[in-house]
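Descriptive structure summary
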Amino acid sequence: MSKVVVVTSGKGGVGKTTTTANLASGIAALGYKTIAIDFDVGLRNLDLVMGCERRVVYDLVNAIRGEATLRQAVIKDKRIETLYVLPASQTRDKDALTLDGVGRILDELRAAGFEYIFCDSPAGIEWGAQMAMYFADEAIVVTNPEVSSVRDSDRVLGLLDAKTRRAELGEEAIKTHLLLTRYAPARVAKGEMLAYQDVLELLGIPLLGVIPESTAVLQASNAGTPVVLDPTSDAAQAYLDVVQRFLGEERPHRFLESAKKGFFSRIFGGQAATA
Amino acid sequence: MSIMDYFRRTQPKSATLAKERLQIIVARERVRTTGEPDYLPRLKQELLQVISKYERIDLDQVSVNVERSGDCDVLELNVVLSESERAAVRAAVSRGGAPASRNC
Ligand SMILES: Nc1ncnc2c1ncn2[C@@H]1O[C@H](COP(=O)(O)OP(=O)(O)OP(=O)(O)O)[C@@H](O)[C@H]1O
Ligand SMILES: [Mg+2]
């Protein structure tokens, strides 16, 4: 059985590609045959974050147009046996993706035995983003604790409810998960940042996880190695928890409180930190 | 921590502001995606009551619509005055972040 999972957000730069790379890597590392597809046509980012950019020959659009076979376009990861990447095209042609074409590619991937198919959505709520979500069985809505990101996530939830295959066929709705990223508990404690409870209450979908703001993420993307591959950082551990929860395990949420408090904040910041 | 921080703490936190703004934004946009706001029938009834104080009109001579145009909602009110069919009174109220005139 295969699952198509869209990683989407509306707002740009909130961590979709980072999340796609880490979830796909984390799940594949457990032995599931997994592919991450970059739908960000024109930009192409996922291959960089996953460190396979030098091996890109063909891409999603080539495969859709029949200029390459799917087998030729898909890149096998060097570190994880069961992990594959299908890069985005850098074409400027806005109509390069078609629903028909994407549907065919997904069918082929299912037939090839892929258990998890992650679709890394482009930013926005236009055609490209709708294409990435159209065939999804589940959706991970990546949100930052910030007004415009929460607002866009809410719009995306509306689209998932209306403009997808499951919605159009009247099938069971797409299962949605909230993934809050770039969370800074210290700033939440000071009242400068929305708390995860607030975002949860506003969006009203189940919380898959909270990924802390972490310098390890930038370092990982510099190196082209998803952060989960070096589980020492808090962001890596948070993503690994997310992988387990996504697969149905119960895991307590971590990294929700700021780490050690300084001397002054312990004296003066008590009520703010517990609020 | 300075003495100023101590005073600042009594002001609303920016995260609280963010949450309050979002509650309004999200409520408003959910209406959009589901179509028309649920207050439309009541609005129509009440408008009818007000207008009928001055003019004889029927319910079906008042139409109230909400339309999206680009980034803003336009609430359009159309009243056809009966008898002499003197005129149609039209009003459009738009909303969005900025003043109506600049909005559409
Ligand atoms: N938890 C985190 N901590 C720190 N930085 C992060 C975190 N998650 C993502 N980032 C950084 O934020 C930036 C945007 O991340 P990413 O490319 O994953 O976002 P995106 O949603 O895919 O963007 P786009 O909409 O452009 O596709 C990157 O520089 C990334 O390293
Ligand atoms: Mg991206």
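Scope of this entry: the structure provided in the associated data block. Here the structure is a predicted model, which means the values were calculated and not measured.

**Re the interface of chain B and chain A**
Contact with chain B, which involves 14 residues of that partner, is made by 16 residues of chain A. Where chain B abuts chain A, roughly 1,500 Å² becomes buried across the two surfaces, and 61% of that area is made up of carbon and sulfur atoms. In this structure, the connection of chain B to chain A is made through two salt bridges. A salt bridge links Lys19 of chain B to Glu201 of chain A; the shortest N-O distance between them is 3.2 Å. Applying the counting criterion to the chain B and chain A interface returns four residue pairs in polar contact (both at pLDDT 80 or more). Here the residues of the side of chain B that touches chain A sort into six nonpolar, two polar and six charged.

**Considerations on the side chain of Asp38 of chain A**
All names here are of chain A. With respect to the helices and strands, the residue Asp38 is situated in strand β2 (residues 34-38). The side chain of Asp38 is buried and forms no salt bridge, while Arg44, the nearest opposite charge, is found at 6.2 Å. Polar side-chain contacts of Asp38 include one of 2.9 Å to the backbone nitrogen of Asp40. Side-chain polar atoms of Asp38 contact the backbone nitrogen of Leu46, separated by 3.1 Å.

**Here we look at the site of ligand 1**
All names here are of chain A. Inspection of the region around ligand 1 gives 15 residues, with Lys16, Thr17, Thr18, Arg182 and Ser214 positioned closest. At 2.9 Å from a nitrogen atom of ligand 1 is found a main-chain nitrogen or oxygen belonging to Ser214. Relative to its free-state accessible area of 640 Å², ligand 1 is covered by the protein chains to the extent of 82%. Elements that contribute at least two residues to the shell around ligand 1 include exactly α1 (16-28) and β8 (207-212).

Cut-offs used in this document
Numbers given to residues run from 1 along each chain, matching the order in which its sequence is written. Here every chain gets a letter starting at A, and every ligand a number starting at 1, in the order they are written. Residues qualify for local features only when their pLDDT is at least 70, as the model is predicted, and side-chain atom pairs are given and counted only at 80 or more; totals for whole chains, interfaces and linings, by contrast, use all residues. Only hydrogens and water are removed before side-chain values are computed, so all heavy atoms of the structure are retained for them. Throughout, a contact is declared for two residues whenever any of their heavy atoms are within 4.5 Å. Two parts placed together each lose some accessible area; with a 1.4 Å probe, that loss summed over both constitutes the buried area. Take a side-chain nitrogen of Lys or Arg and a carboxyl oxygen of Asp or Glu: if they are within 4 Å of each other, that pair is a salt bridge. As used in this structure description, the phrase polar contact means that two N or O atoms lie within 3.5 Å; if the pair is within protein, one of them must be able to donate a hydrogen and the other to accept it, and residues adjacent in sequence are counted only when both atoms belong to side chains. Each residue receives one of three labels: charged for Asp, Glu, Lys and Arg, nonpolar for Ala, Val, Leu, Ile, Met, Phe, Trp, Tyr, Cys and Pro, and polar for the others, Gly being one of them. Put simply, DSSP H or I for four residues or longer makes a helix, DSSP E for two residues or longer makes a strand, and each gets a number counted from the N terminus. Burial status follows relative accessibility: with a 1.4 Å probe on protein chains alone, a residue under 20% of its type maximum counts as buried, one over 50% as exposed, and anything between as partly exposed. We count Lys and Arg on the positive side and Asp and Glu on the negative side, and we leave His and both chain ends out. Nearness here has a simple test: a residue counts as near a molecule or strand if at least one of its heavy atoms is within 4 Å of that partner. For every accessible area listed, the method is Shrake-Rupley and the probe measures 1.4 Å; residues are considered covered only by the protein chains on display.

Geometric descriptors of this kind do not, in isolation, establish any biological role.
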